[in-house]
Amino acid sequence: MRFDTVTIVGVGLISGSFSLALKDRGLVRRVIGVSRTAASAQKALDLGLIDAVLPLEEAVKQSDLIYVAIPVDVTIPVMKQVMDLVTDKQIVTDAGSTKGALCASLADHPMRRRFVAMHPMWGTEYSGPEAAVHDAFKGRCCVICEKEKSDGDAVAVMEELYREMGMHFVYMDADSHDMHAAYISHISHITSFALANTVLEKEREESAIFELAGGGFESTVRLAKSNPSMWLPIFMQNREHVLDVLNEHIAQLRKFKSCLEKENEEYLRELMENANKIRRIIK
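Residues numbered from 1 in each chain as written. Predicted model: local features only at pLDDT ≥ 70, side-chain atom pairs only at ≥ 80, totals over all residues. Heavy atoms only, no water.

Engineer: Is there a simple way to think about the sheet that holds strand E6 (residues 115-120) in this case?
Structural biologist: Strand pairing in a sheet relies on backbone hydrogen bonds, with the paired strands running either antiparallel or parallel. Ordered by their spatial adjacency, 8 strands build an open sheet running E3-E2-E1-E4-E5-E6-E7-E8, and the pairing between neighbours is mixed. Every interior strand has two partners, whereas the edge strands, strand E3 (52-53) and strand E8 (168-172), have only one. Packed onto the sheet, helix H1 (residues 13-24) meets strand E1 (3-9), strand E2 (28-34) and strand E4 (65-68) and runs at close to 165 degrees relative to E1. (Pairing = 2+ DSSP bridges. Helix = DSSP H or I, 4+ residues; strand = E, 2+ residues; numbered from the N terminus. Contact = heavy atoms within 4.5 Å. Axes fitted to C-alpha atoms, helices over the stretch in contact; angles between N-to-C directions.)

See below:
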């Protein structure tokens, strides 16, 4: 399998890493970049992530595969533009962290079958073309949503492509994806943002934070460095599921708070030992 031309809409962390994976494996002859900003497009060119920059319409018309990886609030209008342009010979996919709103918006589009709704479960706290890395997807999970609504050949191509990059697959409906993403990914980011704000509010000495913060603190607040422009629309689009998990998280925090207030060591130990069960799942 080899593409002649692939367009990446958005030239940031995910799409840039996707392009590197294609190029590293000789799976594409040419990658076109579509970007809202000239600076990002130029950076992507300089880094070799893309071979050319074109407006969306021109890029789509020249491509076998169109890969959309932009903030979820602008994905829907851009995706509709893309779907209005594609033919039965082309494949469209995305890498968005939410799927419900996008899939619903395309449900009645006449070219819906050429779209494969996907979420490669990988990312870092960094953004922009310079954040792209080699072998980003190796050993990771990729979620495919509404597989039955996509043409079999389009799904097969995307499965083969990501499998070549070292990914394995999970299949689910869009709402189930958004629920699980809220619990596994979105709450982690909210917790990190909140903890960073807590420390910044209470610890006024920046030098103390820098000098005293250990590996545990650094790993917990790492996600607080993530780009708000990307995560704000994710939280808002997945608002109902995020609120559900946030309520549960707050309830768990209250249990710990109550144990400390009441000096209940026995229940505090029980809470921590129960949390240790995660070792069986995540090595």
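Next comes the rest of the description.
Engineer: Would you mind going over a nonpolar patch on the surface with me for this structure?
Structural biologist: A grouping of Met179, Tyr183 and Ile184 is seen on the molecular surface, where their side chains present a nonpolar patch of about 290 Å² in accessible area. Mapped onto the fold, Met179 is located in helix H7 (residues 174-202). (Patch = residues over 30% accessible without salt bridge, like charges linked within 9 Å, V, L, I, M, F, W, Y side chains within 5 Å. Areas by Shrake-Rupley, 256 points an atom, 1.4 Å probe, with all protein chains shown as cover. Salt bridge = Lys/Arg side-chain N within 4 Å of Asp/Glu carboxyl O.)

Engineer: Looking at this model, I keep getting lost on the packing of H7 against helix H11 (residues 239-262). Mind explaining?
Structural biologist: The angle between the axes and the distance between the axes are what describe a pair of packed helices. Relative orientation of the contacting elements H7 and H11 amounts to 50 degrees, with a least axis distance of 8 Å. Judged by the angle between their axes, H7 and H11 are oblique. H11 is crossed by H7, and the crossing has right-handed handedness. For the pair H7 and H11, contact is made by Asp175, Asp178, Met179, Ala182, Tyr183, His186, Ile187, Ile190 and Thr191 and by His241, Val242, Asp244, Val245, Leu246 and His249, respectively. Class assignment for the residues of the contact of H7 with H11 results in 8 nonpolar, 4 polar and 3 charged. (Parallel < 35°, antiparallel > 145°, perpendicular 65-115°, else oblique. Left-handed = near helix turned anticlockwise from the far one by under 90°. Nonpolar A, V, L, I, M, F, W, Y, C, P; charged D, E, K, R; others polar.)

Engineer: Would you explain the pairing of E6 in this entry?
Structural biologist: Regular strands show a simple pattern: their side chains alternate between the two faces of the sheet. Counting buried positions along E6 yields 6 of 6 residues, so the element is predominantly enclosed. The alternating pattern of E6 places Phe115, Ala117 and His119 on one face and Val116, Met118 and Pro120 on the opposite face, and all of these are buried. Relative to E6, strand E5 (residues 91-94) runs parallel, the two sharing 2 bridges. Within the sheet, the bridge partner assigned to Thr93 lies in E6 and is Val116. After leaving E5, the chain enters helix H5 (residues 100-106) and then returns to the sheet as E6, a path that is right-handed. (Buried < 20%, exposed > 50% of the residue type's maximum accessible area, 1.4 Å probe, protein only. Right-handed = clockwise from strand over helix to strand, strands pointing away.)

Engineer: Explain the pattern of salt bridges to me, please; I cannot follow it from the model alone.
Structural biologist: Side-chain pairs of opposite charge can arise where the charged atoms are in close proximity. Summed over the entire model, instances satisfying the criterion amount to 15 salt bridges. The partner of Lys61 in a salt bridge is Glu57, and the shortest N-O contact between them spans 3.2 Å. With Lys61 and Glu57 both in helix H3 (residues 56-61), this residue pair falls 4 residues apart, about one helical turn. For Glu125, the salt bridge is made with Lys225, and the minimal N-O distance between the two is 3.8 Å. Taken together, the residues span a long stretch of sequence, with Glu125 in the loop between E6 and strand E7 (141-145) and Lys225 in the loop between helix H9 (215-221) and helix H10 (228-237) at a distance of 100 residues. Glu125 sits in the buried class, given a relative accessible area of 8%. A relative accessible area of 53% means that Lys225 is categorised as exposed.

Engineer: What exactly am I supposed to notice about the side chain of Asp178 here?
Structural biologist: On the secondary structure map, Asp178 appears in helix H7. Although buried, Asp178 forms no salt bridge, and the nearest oppositely charged side chain, Lys99, lies 6.8 Å from it. There is a polar contact of 2.9 Å between the side chain of Asp178 and the side chain of His177. (Lys, Arg positive; Asp, Glu negative; His and termini not counted. Polar contact = N/O pair within 3.5 Å; in protein donor to acceptor, adjacent residues only side chain to side chain.)

Engineer: Which parts of the structure should I look at to understand the environment of Asp4?
Structural biologist: Among the secondary structure elements, Asp4 is positioned in strand E1. Discounting residues that sit within four places of it in the chain, Asp4 has contacts with Val28, Arg29, Arg30 and Asp64. Side chain to side chain, Asp4 and Arg29 meet in a polar contact 2.7 Å long.

Engineer: So what exactly am I meant to see when it comes to the layout of surface pockets here?
Structural biologist: Gaps left between atoms show up when a probe the size of a water molecule is rolled over them. Of the voids in this model, the second largest pocket is the one considered here, and its volume is about 810 Å³. Lining the second largest pocket are 16 residues; nearest its centre among them are Tyr183, Ile187, His249, Ala275 and Ile278. Elements that contribute at least two residues to the lining of the second largest pocket include exactly H7, H11 and helix H12 (265-275). A per-class count over the lining of the second largest pocket returns 10 nonpolar, 5 polar and 1 charged. (1 Å grid on protein atoms, 1.4 Å probe; cavity = no way out; pocket = protein on both sides within 12 Å on 5 of 7 lines; lining within 4 Å. Points joined across faces, edges and corners; volume = space filled by probe spheres on them.)

Engineer: Got a minute to help me understand a negative patch on the surface in this structure?
Structural biologist: Taken together, the side chains of Glu148, Asp173, Asp175 and Glu240 define an acidic patch exposed on the protein surface. Relative to the helices and strands, Glu240 is located in helix H11. Relative accessible area serves as the criterion here: at 66%, Glu240 is assigned to the exposed category. (Charge placed at Lys NZ, Arg CZ, Asp CG, Glu CD.)

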